Amino acid sequence: DNSWASLSSPMFAAGKVACINHQTTGTTGGGSASNGAYNTVPWTHEIIDPGGIVSLSSNVITIGPGTYQMYANHLFYRVDSYVWGLKITSASGDHYWGTAGFAGNGDYDEQVAHCYCRHINDTGGDETMIAHYRCQTSQADTGLGTGNSFNAGNVHGQWWILKEA
């Protein structure tokens, strides 16, 4: 749905806003959340990006030089303890922002994880970023986003990017 692209905000008009979704069609859930090692969130759609400030390929976003504010959220359904965050993958060392939470693995336990950051890419070139997560335990066929058979067109997570300069 590109209805957001018609907003008249100066940021939209200047092409300084992008939105990436983890979205499924039909009654498909968001996927299983694997225990143990970190996993990359499967971003599926670049919903808004009139100025071309990001690109999405194989769950990785690429941003050019500049100053960015980012907000990302994702639903975790029927998992125990989890950590989640945004990570720069093009830099050496660990560069990430994130949060931790507990959604419980009962029948209806869910929680939305949030991550905010302000990032300055002053490398002189492009940087790549992912959203990643890990959890302690999860129920079969649930964990990342809503479970199966919820509604058509499920949006399980969003990553908003605002380019300041």
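Residues numbered from 1 in each chain as written. Predicted model: local features only at pLDDT ≥ 70, side-chain atom pairs only at ≥ 80, totals over all residues. Heavy atoms only, no water.

(A) Structural context of the state of the cysteines. Applying the stated criterion across every chain yields a total of zero disulfides. Considering cysteine sulfurs only, Cys117 is the nearest to Cys115, which forms no disulfide, with 5.8 Å between them. The exposure class of Cys115 is buried, given its relative accessible area of 2%. (Disulfide = S-S within 2.5 Å. Buried < 20%, exposed > 50% of the residue type's maximum accessible area, 1.4 Å probe, protein only.)

(B) Up close: the environment of Ile161. Within the secondary structure layout, Ile161 lies in strand 11 (residues 155-163). The sequence separation of Ile161 and Arg118 amounts to 43 residues, and the corresponding C-alpha distance is 9.8 Å. In this structure, Ile161 is in contact with Lys16, Val17, Ala18, Ile20, Ile53, Val54, Ile61, Tyr68, Gln69 and Met70, ignoring residues within four places of it in sequence. (Helix = DSSP H or I, 4+ residues; strand = E, 2+ residues; numbered from the N terminus. Contact = heavy atoms within 4.5 Å.)

(C) Here's a closer look at the sheet that holds strand 3 (residues 45-48). Across the sheet, five strands lie side by side as 3-1-11-6-9; this open sheet has antiparallel pairing. Here the strands that pair on one side only, and so sit at the sheet edges, are strand 3 and strand 9 (110-121). This sheet shows a mean twist of 20° between the axes of neighbouring strands, independent of strand direction. Examined bridge by bridge, strand 1 (residues 17-23) and strand 3 share three bridges and lie antiparallel to one another. Within strand 3, the residue paired with Ile20 across the bridge is Glu46. (Pairing = 2+ DSSP bridges. Axes fitted to C-alpha atoms, helices over the stretch in contact; angles between N-to-C directions.)

(D) Structural context of the packing of aromatic side chains. Inspection of the entire model under this criterion finds two aromatic pairs. Ring geometry for Trp43 versus Trp159: centroids 5.7 Å apart, planes at 50°, classification tilted. Taken together, the positions of Trp43 in the loop between strand 2 (39-40) and strand 3 and Trp159 in strand 11 put the pair 116 residues apart, joining distant regions of the chain. Classification of Trp159 by relative accessible area gives buried; the value is 0%. Above the plane of the ring of Tyr38 lies Arg134, whose end atom (NZ or CZ) is 5.5 Å from the centre. (Phe/Tyr/Trp six-rings, centres within 6.5 Å; stacked < 30°, edge-to-face > 60°. Lys NZ or Arg CZ within 6 Å of the ring centre and 35° of its normal.)

(E) Here's a closer look at the pairing of strand 1. Within strand 1, seven of the seven residues are buried, leaving the element largely enclosed by the surrounding structure. Burial of strand 1 is two-sided: the residues Val17, Cys19, Asn21 and Gln23 facing one way and the residues Ala18, Ile20 and His22 facing the other way are all buried. As defined by bridge partners, strand 1 adjoins strand 11 across seven bridges and the pair is classed as antiparallel. Across the sheet, Gln23 pairs through a bridge with Val155, a residue of strand 11.

Any functional reading would require information beyond the geometric quantities listed.
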